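Each chain is listed here by its residues.
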Amino acid sequence: MLAGLDVETSSLFQGTRGQQIAGRYKVIPSRPFGHKNGTDKESRQALVVTTENSLRLHAHRPGTLVAMTDYLHERTGGLIGSLSQLIREAAVDAIDSGTEKITKRMLDDIELDHAVQKTRPDRPRAKCARRPKAA
């Protein structure tokens, strides 16, 4: 399985090698998670539950992120990869800070990935960009 954006129009399937690759895979179009109906909300919540259950933070209360499902959707534009990146960065910050839990304030302070910024240029940037820790 491969995952990517605009694979049909990229150079991935071009030329002899691209034809070989194209013959081994099926393109399955996908879209960001929706937010208009109950089924969409259930799907989003299931993804957040699965992601939250994989966290190994000692002070994190299960259900914290699920309660923020709407906020997480708004913040990431429904993009699964962006949601994963946001939560992963928050988890790293929680470990680095010693709090061992994810909070909304922490999520607010994380700058979103390029995919969200590209699809939603109106989305406000993080209040303060995360700075790499000195080695």
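Scroll up a little and you will see the structure.
Nothing here was measured: the structure is a model prediction, and the numbers come from that model. (Residues numbered from 1 in each chain as written. Predicted model: local features only at pLDDT ≥ 70, side-chain atom pairs only at ≥ 80, totals over all residues. Heavy atoms only, no water.)

Draft legend 1. Geometry of the pattern of salt bridges. Across all of its chains, the model carries three salt bridges by this definition. As a salt-bridge pair, Lys41 and Asp70 come within 3.5 Å of each other at their nearest N and O atoms. Placement of Lys41 in helix 2 (residues 38-53) and of Asp70 in helix 3 (residues 69-76) is noted, with a sequence separation of 29 residues between them. We classify Lys41 as partly exposed; its relative accessible area is 34%. Classification of Asp70 as partly exposed rests on a relative accessible area of 43%. Here Lys104 and Asp108 are joined by a salt bridge, their closest N and O atoms 3.4 Å apart. Of this pair, Lys104 and Asp108 both sit in helix 5 (residues 104-108), four residues apart, which is roughly one turn of that helix. Residue classification places Lys104 among the partly exposed residues on the basis of a relative accessible area of 40%. Judged by its relative accessible area of 16%, Asp108 falls in the buried class. (Salt bridge = Lys/Arg side-chain N within 4 Å of Asp/Glu carboxyl O. Helix = DSSP H or I, 4+ residues; strand = E, 2+ residues; numbered from the N terminus. Buried < 20%, exposed > 50% of the residue type's maximum accessible area, 1.4 Å probe, protein only.)

Draft legend 2. Expanded view of helix 3. With six of eight residues buried, helix 3 lies mostly within the body of the structure. Of the residues making up helix 3, those classed as buried are Thr69, Tyr71, Leu72, His73, Arg75 and Thr76. Positioned one or two residues after helix 3, Gly77 has a phi angle of 65°, which is positive.

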